[in-house]
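# Commentary on secondary and tertiary structure
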Amino acid sequence: MEPQDQTAIVGSRVTLPCRVVNKTGALQWTKDDFGLGTHRNLSGFERYRMIGSDEEGDFSLEIYPVMLDDDARYQCQVGPGQAGEPGIRSKFATLTVLVPPEPPRIVQGDFLVTTEDREIELECVSLAGKPAAEITWIDGLGNVMTEGLDEIVEALPDGRRFTSKSILKLTPKKEHHNTTFTCQAQNTADRTYRSARLRLEVKYAPKVTLTITSGRMTEGAEVRLACRADANPLDLTYRWFINDELMAGDFTTEFIIPNISRRYHDAIVKCEVHNPVGKSEESETLDISYGPRFKTRPKSVQADQGTTVTLTCDVDGNPPPDILWIHEDTGKVVGTSVNLTMDVDKRTAGRYYCKAGVQGFHEIGAEATIMLKGKPTISSALVQFGIPGDNVRLECLAFSVPKPDHVVWTFKGNEVDASDKDYTILEDPLPEGIKSTLVIRESRDQHFGSYNCSVTNPYGSDTVEILLKAQILVFSETFPLLLILVCVIGGVILIIAIAMIIILCQRREKKPQDCRDAEKQCKESDRSSNISDLKMELRTGSSVSNVHCELEYGPDSETGSESVVTRVGMPLAGPVAMPVNGGENIYRYSTEFTEPIFPPKDGQNNNGYVPYVDYSRDFNPPPPTTLGIESSRESLTMPNIDPRYSAAYGNPYLRNSSTSLPAPHATHNTHVSHAVGTPAPPPYTPATRNGAVPQVARLPHSPTTQYIVPNSQPTTVKRGTLATHV
């Protein structure tokens with residue numbers, strides 16, 4: 001058996017077979033004609049050995065592990081035998097050793113920054129492959145790239161291995177941004193791809209998308225446009241244009257047009273975005289919906305019978321408006337286009353109505369008249385009226401196409417002269433004729449009668465007789481005017497009266513707060529029975545305040561009435577000299593008043609308060625004395641009096657504990673002012689004191705006690721503290 005050509009991969013095991021029968025000579029293997037030895041262990045070649053056995057005649061050559069140096073031609077040889085047998089040789093067997101390439105490498109590294117549309121070269125190198133490596137490029141989307149490749153194979157110095165280079169020429173696009181390019185290398189020694197990767201960052205100008213976000217654009221609405229830009233880097237600057245005119249304002253990704261009008265229809269809005277790489281732009285044409293508006297209104301025309309005329313109704317709108325022409329006389333639709341062409345005759349003459357509408361908006365309309373030329377026609381009233389003594393107007397209304405040349409008024413066969421001081425002629429042109437007015441100044445009886453009005457145009461004339469009659473006014477005609485005048489005057493008077501009443505009421509309600517406080521103090525003082533000398537001062541001050549309120553607001557006011565009651569009450573028992581300072585109370589301020597100190601009851605402290613007492617047990621009638629009345633400056637001898645009229649009757653501080661109170665008199669007369677009388681005693685009883693328990697207050701005897709006395713019994717009363725309740 002002879003060895004055959006074989007291929008082996010570096011590191012593998014390879015066996016070159018060689019079997020010899022009837023071997024007589026020595027056997028050896030040669031490598032590229034170099035003998036390896038005759039012993040089976042092949043000394044000096046550690047990776048080589050002959051396997052098999054002599055009995056089987058198997059002398060196969062085994063190489064392990066295969067190295068690149070083993071790539072050679074091998075031959076199995078048997079030398080001559082001892083008996084002169086000739087030697088033999090096998091044919092040459094070529095062992096081809098394959099070497100996998102080294103992992104590929106991208107020269108530019110694993111990351112590259114580039115700019116869109118600028119061509120770059122990516123180089124992938126695979127070293128020491130046998131055979132030379134095959135290199136494949138794959139883009140970031142998984143596609144094998146076959147265009148723009150340059151392949152280079154270079155042999156290494158050993159002449160057995162090769163270096164492969166693959167150069168990819170690429171024009172980066174936005175789509176290549178942040179994608180990975182892969183270089184794969186392989187050869188027949190190893191079909192497993194070895195690869196290298198490169199991530200590509202592409203800088204590119206903005207990619208702009210412009211959209212209208214506000215929906216349907218209607219006149220008067222707000223329009224919003226959004227500009228989205230995809231760019232690298234994201235250092236963006238926005239600019240907006242309308243019809244190539246730069247818009248001012250701080251607009252970035254959104255552009256707002258408030259209250260958009262029809263003038264923006266078909267306008268081109270452009271968004272331009274810049275970044276350091278470049279600029280990009282996108283535009284959008286505005287489609288504004290708006291209602292109809294006349295560009296050209298239809299105009300009336302005058303035409304002779306048998307001619308042809310055209311009426312134009314040019315209307316702007318979006319969507320284009322629907323136009324209808326309607327003949328007023330017949331109510332029929334006679335046209336749907338901008339122009340209406342008609343043959344003029346009596347049937348087609350008249351008024352035509354142009355109606356234009358856009359869905360979603362209000363309709364508009366205009367009218368025009370085809371006027372048939374002819375002689376004038378007068379349509380004024382044949383009987384007209386005027387008031388003698390007033391200016392009278394006679395009207396002559398004429399339909400005339402074309403316009404009349406002149407209008408003539410005649411009266412009693414004579415043409416009315418406009419220069420006559422009694423007459424004035426006024427002419428008012430009308431679209432389809434003329435109105436002539438004859439004004440008679442300060443008309444008299446001779447001015448009333450029949451007048452003739454004649455109107456003439458190039459096609460003829462027309463005359464009408466107008467009868468002017470005198471009109472006499474009756475009361476029924478003037479009564480409505482008088483009624484209106486009376487109602488207006490009466491209404492004005494009524495409004496003035498209501499306003500005055502409101503003002504007076506408001507003035508009455510504006511009483512000063514001090515008057516209200518003084519009135520309240522007076523009422524509280526009258527309801528109290530345990531009153532002290534301090535209350536007298538407050539009562540006096542209240543009376544002064546009440547007098548002030550009465551003088552300011554009048555005696556009919558509530559405060560004034562209260563002061564009157566205070567002044568006409570029961571007079572005091574004697575003169576009381578109240579300290580005054582310039583006519584005012586000496587205690588003008590709260591800090592000037594000294595709080596009185598009251599002795600305690602039975603050695604107990606009552607904090608200045610004295611409980612209700614039983615007046616019937618605590619009073620002694622005073623001995624007769626002489627009372628000096630300051631008002632009369634006389635000393636009077638008083639009759640016996642009821643003790644309840646004493647100044648100490650209602651003041652427990654002026655009584656002693658041993659006094660007793662007799663039963664009251666049944667009848668008393670009241671004395672007012674300086675006269676002495678016997679008023680009805682107050683009903684000071686336990687029942688009227690809300691069930692108060694009678695008590696006795698022990699205070700020092702007052703040497704200045706005064707009394708209010710009746711005139712029944714003469715007696716002399718002591719001077720003392722002024723009674724404050726009458």
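Residues numbered from 1 in each chain as written. Predicted model: local features only at pLDDT ≥ 70, side-chain atom pairs only at ≥ 80, totals over all residues. Heavy atoms only, no water.

Formally: UniProt positions are given in the numbering used here, feature names are shortened, and annotations may be inferred rather than shown by experiment.
Named according to an unreviewed UniProt entry, the protein is Ig-like domain-containing protein originating from Gryllus longicercus. Per UniProt, the comment on the protein under Subcellular location (unreviewed entry) is "Membrane".

### Digging into the state of the cysteines
We apply this condition: When two cysteine sulfur atoms are found within 2.5 Å, that pair is recorded as a disulfide. Numbering of helices and strands runs from the N terminus; a helix is a DSSP stretch of H or I covering at least four residues, while a strand is a stretch of E covering at least two. Categorising residues by exposure relies on relative accessible area from a 1.4 Å probe, with only protein chains included: less than 20% of the type maximum marks a residue as buried, more than 50% marks it as exposed, and the intermediate range marks it as partly exposed.
The tally for this structure, following the rule as stated, stands at five disulfides. A sulfur-sulfur separation of 1.9 Å characterises the disulfide bridge that pairs Cys 18 with Cys 76. Taking the torsion about the S-S bond as the criterion, the Cys 18 to Cys 76 disulfide, at about -70°, is left-handed. Remark: Cys 76 occurs in strand β7 (residues 72-78) and Cys 18 occurs in the loop between β2 (14-16) and β3 (27-31); sequence separation between them is 58 residues. Owing to a relative accessible area of 3%, Cys 18 belongs among the buried residues under this scheme. Residue classification places Cys 76 among the buried residues on the basis of a relative accessible area of 3%. Put simply, Cys 396 and Cys 453 are joined by a disulfide, and their sulfur atoms are 1.9 Å apart. In this structure the cystine formed by Cys 396 and Cys 453 twists about its S-S bond by roughly -90°; its chirality is therefore left-handed. Here Cys 396 is found in strand β36 (residues 392-401), whereas its partner Cys 453 is found in strand β41 (residues 449-457), with 57 residues between them in sequence. Of the two residues examined, Cys 396 and Cys 453, each falls in the buried class.

### Comments concerning the sheet that holds strand β6 (residues 60-63)
Note the threshold: A pair of strands is labelled paired if DSSP reports no fewer than 2 bridges between them. Every axis corresponds to a line fitted to the C-alpha atoms, with the helix fit spanning only the stretch in contact, and the corresponding angles, defined between N-to-C directions, vary from 0 to 180 degrees.
What the three strands build is an open sheet, ordered β2-β6-β5; its pairing is antiparallel. Unpaired on one side and paired on the other, β2 and β5 (48-51) mark the two borders of the sheet. The average undirected angle you get between the axes of adjacent strands in this sheet is 30°. Strand direction decides the pairing type here: β2 and β6, joined by three bridges, are antiparallel. By the bridge assignment, Val 14 is partnered in β6 with Ile 63.

### Structural notes on the side chain of Ser 280
Short version of the rule: As used in this structure description, the phrase polar contact means that two N or O atoms lie within 3.5 Å; if the pair is within protein, one of them must be able to donate a hydrogen and the other to accept it, and residues adjacent in sequence are counted only when both atoms belong to side chains. Should any heavy atoms of two residues lie within 4.5 Å, those residues are considered in contact.
By the element assignment, Ser 280 lies in strand β24 (residues 278-285). Polar side-chain contacts of Ser 280 include one of 3.0 Å to the backbone oxygen of Pro 206. Discounting residues that sit within four places of it in the chain, Ser 280 has contacts with Pro 206, Lys 207, Val 208, Cys 271, Glu 272 and Val 273.

### Some words on the sheet that holds β24
Within the open sheet, the four strands sit side by side as β21-β20-β23-β24. Their pairing is antiparallel. The open sheet terminates on both sides in strands that have one partner only, identified here as β21 (245-246) and β24. As judged from the six bridges shared by strand β20 (residues 237-242) and strand β23 (residues 268-275), these two strands associate in the antiparallel manner. Opposite Thr 237, over in β23, you have His 274 as the bridge partner.

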